[in-house]
Structure formats: C-alpha cells, structure tokens
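Given next are the chains, with one letter for each unit.
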Amino acid sequence: MLFGNPHRMSPALSPDGERLAFLAPAASGVLNVHAGPWRTRDFRPVTADAGRGVRAFAWSGDGRHILYVQDRDGDENTHLYAVDPVAGPGSARDLTPYEGVQARIVSLDPRRPGLLLVGLNLRDPAVHDAHRLDPATGALELAAVDEGFSRWIADDRLRVRGALRPHPDGSVSLLVRDDEAAPWRELHRAGPEDAPALRPFGFTTGGRTLLLLSSEGSDTARLLRLDTVTGETKAVYADPEYDVEGVGAHPGTGEPQFVLVRRARNDLELLDPALAADFAALRAAAPGDVSVLGRDRADRHWLVQHNSADAPAGYRILHRGGAGREPRTEYLFSHLPELAGRPLARVEPFSLTARDGLRLHGYLTFPPGAGRHRLSTVLCVHGGPWTRDQWGFRAEAQWLADRGYLCLQVDFRGSTGYGKEFTRAGDREWGGRMQDDLQDAVRHAVALGHADPGRVAIYGGSYGGYAALAGAAFTSDDYRCAVAVAAPSSLLTFIESVPATWGPMAAMLRRRVGSPEEDAEFLRARSPLFAADRIRIPLLIGQGARDPRVRREESEQLVAALRRSGVPHEYLLFPDEGHGFVRPRNRLAFYAAAERFLAEHLGGRYEE
C-alpha cells in the first residue's frame, strides 16, 4: 500500500491473551511499537526508531519478543529485529545482520512457540531459502532450499511441508512433502487463469489437511480442504460473485471457523455454529464491519476492530462466553482519537456498466455539507493493480472530502476480489480498457449529477500513478490536472528494472502486462512517456529516490519530457524514501503540496 495502513495502530494480542502491542506516533510522528497489559492500559513504547518508523510487527509465538522488519530508507532489504516488550527500546536486536539481504517472516505459530520461520535470500538475491530462527539466540537452521518457489507453507510443528512453484506458462504447482527429508510431490496445479487466486492458508493440526483458497473449477476463489495423502478436495465455502479473501481458524486446531468475503462491505461468514453467540455479541457492540485481528492460544479473548466509513476504527476485546456466561466486549481505544466527534464523510458503494458491458463497482465519498451536485472530483486510483478498494474509513478519501472534493474510487478490470474472469480482463490492458473503466466511472458520476465534468483530477500512486499519467497523456481532455506518485512512465524500462527479489513475480508481470523483448511496440504505445507531447494538463509528480520498484528514472525521464514540451508541472523528489512516503515530514510535505496543487486547479481548500 503506497501511503501506509489507514488504521495506524494495527494492534496485536499476545499469545497468552494478556497484553497488547500497537503502533503509535512519537512526538515526531514516526510510528513505534507500544505494548502493555490491556487490562490496566499501561502501554509503554518498546521501540524507538527515529527514521521511517516501524510499519509492521508481530508477537513471537511464546510472547517473549516483539518482532518487526525494517529497511534502510526504503531500499526493501529488510532486517528482522526482536525487542523485549518489558525491557523496552534498548533491547532491540538485529536477528538478520546481513548486508544486502532481505528477511521475510514466513510463519509464526503458537503451537511451536520458541521459533519462527523466515525467508532469507542469503544464497541468491532472487530466491529466499526458508530458515527456522530462534529469536532468543538468533540461531538459524536451514529448513528448505528455494527451488524456484514463490511461497512456503509450514505445518503446526513449523516444518516446511508445502510450497508454490510458478511455471513459465503462468501456471502454479502446489507441492507437498511428508517431512523435510522427503521429496516434493505435486498435489494441485492451477492453470494461468487460476494461479492468481491460489493461496494456501495452512495445515490443520496433524498436518494431513491443507486449507487453501483456489478458483480451480469456479470463477471465484473458494475455501477448499485438501487431503495431502489422497489428494481429495472438498469445498468448504464459496460465493458465486466474490472471492473468499480470508479465513479465521481455531488457534489450536487450525480448523476453519469463518471466512472473509469482501462484497460492497466486508462480510464475515460463519462456518462453525459454536461461534454464533460470539458473532452476535460483536455485531451488537458497535456499528460497522467487524474484523477479528487476533485470538489467544486458549481462545478465551479475541482482539477485534469495528470499522465504520465515517468514524475512526474502534478496537475491543471480546471475552468469550462459556460455563453459563454470555460473551461480552470491552472497548479499548480508537485508532485516531483526535477525530472523535468530527464531521467525517460517508462512503457509499455504487455500481456501473462499462462501455463493453462489464459490471464495475466502486465507492463515492462526498464532502460533508457540500451537497451532491456538480462537485469538484478527484478520481483516486488504487495501486497494485492486483488489489481492490474497500468500504470503510480511508484516510486519503477523508482528506480529499474534507478539502471539498468528491472522492471517486472504482475497481477497474484487473482488480481482485470479483473472480478470476474480472481479474483476467485486465491482462495486457494497462493504458487500454483498464483506463476506459476509469473514464467510464467519471462519466457515470457526471451523469448522476455528482461530478462537475470541468473539474476532475486523476490521482494515484504506483499503478494508480501510472493510471494518472496515462489519463494525462491519452485522455487529457477528461481531467483538469493529475497527481502521480511512484509512477511508471515507460512500461519498457519499468518491467526491465524490476528488483531481483521479485523472483517469479517478474515473469507474471511480463505475462499480464507485456514483455519488453516480445512486445516492445505494444508497451511503447501504452507508455505515457512516449505520449508526453500530448499532455495538456498540469501534473504533480512525487518520487522516492531509493524506490527499488519504480526507480526514480521513471519520474525523471517524464519530467525531462514535460520540460521540453513546456507542460506545467511540479516534481517532488524525496532522497530518503522508497516506494511511498513513510517519514512523517515527507508525507506532510507531499500532502501539503498536493492539496495546494488541487486547490489551484479544482478550487478546493488547503491549509497554509
């Protein structure tokens, strides 16, 4: 995600269910981990990062350490750190002190509390071998050698028992083995159209049954049970229109108890009737969509979030019932208490039919108190592009609405969550029909009377930044201005320069977008850089100098072309950022520039 998690606290419940850890800003705005017993709310900082801050963390399986990954100024060579939540910041240790090596947490399991599984590209930058790591001592044990795999799957004893192997034709094999000394064998193969949805969730206790999400035999991703001995597959849950995107499993047995299906809202569908009273208590506690963020080992306490579209997210502890007791919830805190009681914008789902008949879905966020007629509008394009927008509190949508704009978001073809045919409809359509969908969404908002056709901006980061540049280059008459962050300007140079750490992802990018070796003219025609002389609207371009995904050359080659053509533009280069703006001073500088830029061209508000 380009601009970070909108629910900045991202709390996590300790395995014993007694303590919480969460991200909170220091005086400088940098995010650090705080932890303490939730019963007394005695939360104290346990990390003291003064640079880009901590962005993600987890409890170790035994609850003795808080683990987090950190890179250097966005270079994505992440190191894994462990800190003692009692001793605090001075106890932080680098568990992977290897220069130029990227550490990834593969698996944490309270059923094997003293270890975790990490992926390290020590041997080759393009492959991540799996290692068991003891956070107390830093000792490493090789668990599996990467033989061209894209994902590891561990069982309840933290043994590497499964892996995904992508193939040149776009298909993916699910491999399993009986133990770490046994040979790999293929158990399930997904063709190119099903590969994007194939996502193993994990083994149930005992290691014979594997839960996975797969669209094999269906348009949408279903939750399946796969017997690793017989190969027998059984569907557990499916929705005919939307993918299953998450699974809630019992912390002791690994058995599935509910699933997440993102429709217009985020819906949890119950599989285990024993949880009916718990879910009823959660839904009665507060409005909004419920997310289960964590459960303790004994399954007595759950950490949950209630997410509303027009209010900060609220976090609660669910005390489960039993022995004659009814389940009840206890409120903890809001993720942004400063916004409590403020007039925030409502988010409304909408649908439209694209020009070729494809059904599209999206969200409208109206500025409070400004009515609903002929509003200045910002088309906010999500990154990825293989993700989707969601209902609920979104910081950027609220910011734009507060400044007086209608925020328009649409899940264009190629987005995920709506089945494989919808995602596949975006193949080789960067700058083509994916761009048409954005144009159709604007025209839909205009036809409804909500958007002023003469005051529309296109805005995004990463893929969304590419779409903003493509809108400026290919359909300049549709937009008054464009804002693009970390934006590929040439699909040729972008695809040729993907990091070695992407491994099999690079082949997927060539297949779904185009190959510079085989499709050079096609990619050139879809690249805003080579149509820069057609740009007639002002641009604001933001870039991190250390971005390994979309290199600074992508922005600077376009800026040079804009200078030659005399197109009005602003270029913001942040020397200590990677793919997105993490340091608070840089984020504030970018947003201040963006709202001034939008106000100049659309007429909204901005702060001096």
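Above this text you will find the structure in question.
The structure contained in this document is the topic of the report that follows. These numbers were taken from a predicted model, which means no experiment stands behind them. (Residues numbered from 1 in each chain as written. Predicted model: local features only at pLDDT ≥ 70, side-chain atom pairs only at ≥ 80, totals over all residues. Heavy atoms only, no water.)

**Considerations on the overall build of the protein chain**
Okay, step 1: Counting its regular elements, the protein chain contains ten helices and 35 strands.
Okay, step 2: Relative to the 2.2 N^0.38 estimate, which gives 25 Å for 608 residues, the radius of gyration of the protein chain is 24 Å and therefore close to what a compact globule would have.
Okay, step 3: Overall, the protein chain is about 65 × 55 × 50 Å in size when its C-alpha atoms are taken along their principal axes.
Okay, step 4: Across the 608 residues that make up the protein chain, the buried fraction comes to 58%.
Okay, step 5: At a minimum sequence separation of 6, the contacts of the protein chain that also span at least 24 residues come to 54%.
Okay, step 6: Accessible surface for the protein chain amounts to roughly 23,900 Å². Of this, 50% is attributable to carbon and sulfur atoms.
Okay, step 7: Where the 74 positive side-chain charges of the protein chain centre and where its 80 negative ones centre are 2 Å apart. (Helix = DSSP H or I, 4+ residues; strand = E, 2+ residues; numbered from the N terminus. Rg over C-alpha atoms; globule rule 2.2 N^0.38 Å. Buried < 20%, exposed > 50% of the residue type's maximum accessible area, 1.4 Å probe, protein only. Contact = heavy atoms within 4.5 Å. Areas by Shrake-Rupley, 256 points an atom, 1.4 Å probe, with all protein chains shown as cover. Lys, Arg positive; Asp, Glu negative; His and termini not counted. Charge placed at Lys NZ, Arg CZ, Asp CG, Glu CD.)

**Digging into the pattern of salt bridges**
Okay, step 1: Applying the stated criterion to the full structure yields 52 salt bridges.
Okay, step 2: In this structure, the salt-bridge partner of arginine 413 is aspartate 356, at a minimum N-O distance of 2.7 Å. Remark: aspartate 356 occurs in the loop between strand 28 (347–353) and strand 29 (359–365) and arginine 413 occurs in the loop between strand 31 (406–411) and helix 3 (420–424); sequence separation between them is 57 residues.
Okay, step 3: Arginine 413 gets classed as buried once you look at its relative accessible area, which sits at 3%.
Okay, step 4: Aspartate 356 sits in the partly exposed class, given a relative accessible area of 41%. (Salt bridge = Lys/Arg side-chain N within 4 Å of Asp/Glu carboxyl O.)

**Structural notes on the packing of aromatic side chains**
Okay, step 1: By the definition in use, this model includes 23 aromatic pairs.
Okay, step 2: A centroid spacing of 6.1 Å and a plane angle of 75° characterise the contact between phenylalanine 43 and phenylalanine 333, whose relative ring orientation is edge-to-face. Of this pair, phenylalanine 43 sits in the loop between strand 3 (31–37) and strand 4 (44–45) while phenylalanine 333 sits in strand 27 (residues 328–334); the two residues are 290 residues apart in sequence, bridging distant segments of the chain.
Okay, step 3: For phenylalanine 43, a relative accessible area of 18% translates into the label buried.
Okay, step 4: Taken together, the aromatic side chains of Trp386, Phe412, Trp430, Tyr463, Tyr466 and Phe494 make up a single cluster linked through ring pairs.
Okay, step 5: If you follow arginine 161 out to its NZ or CZ, it ends over the ring of phenylalanine 203, 4.9 Å from the centre.
Okay, step 6: Over the face of the ring belonging to tryptophan 391 we find arginine 265, whose NZ or CZ atom lies 3.6 Å from the ring centre. (Phe/Tyr/Trp six-rings, centres within 6.5 Å; stacked < 30°, edge-to-face > 60°. Lys NZ or Arg CZ within 6 Å of the ring centre and 35° of its normal.)

**Some remarks on helix 4 (residues 433–447)**
Okay, step 1: Counted at 1.5 Å a residue, the expected span for helix 4 with its 15 residues is 21 Å, and the 20 Å between its end C-alpha atoms agrees.
Okay, step 2: All of the buried residues along helix 4 are Met434, Gln435, Asp437, Leu438, Gln439, Asp440, Ala441, Val442 and Ala445.
Okay, step 3: Looking at the buried positions of helix 4, the neighbouring elements they touch are strand 28, strand 29, strand 30 (375–381), strand 31, strand 32 (451–461) and helix 5 (463–474).
Okay, step 4: Positive backbone phi, at 90°, marks glycine 449, one or two positions downstream of helix 4. (Expected span 1.5 Å × (residues − 1).)

**Re the nonpolar core**
Okay, step 1: Membership of the largest hydrophobic core comes to 68 residues, with the highest contact counts inside it found for Leu438, Ile535 and Leu539.
Okay, step 2: If one sorts the elements of this core by residue count, helix 5 sits on top with eight residues.
Okay, step 3: Every residue in contact with isoleucine 535, bar those within four places of it in the chain, is listed here: Ala472, Ala473, Ser476, Leu562 and Val567.
Okay, step 4: If you look at the next biggest cluster of nonpolar residues, it comprises 23 residues, including Cys380, Trp399, Ala486 and Leu540. (Core = buried A, V, L, I, M, F, W, Y, C linked by side-chain atoms within 4.5 Å.)

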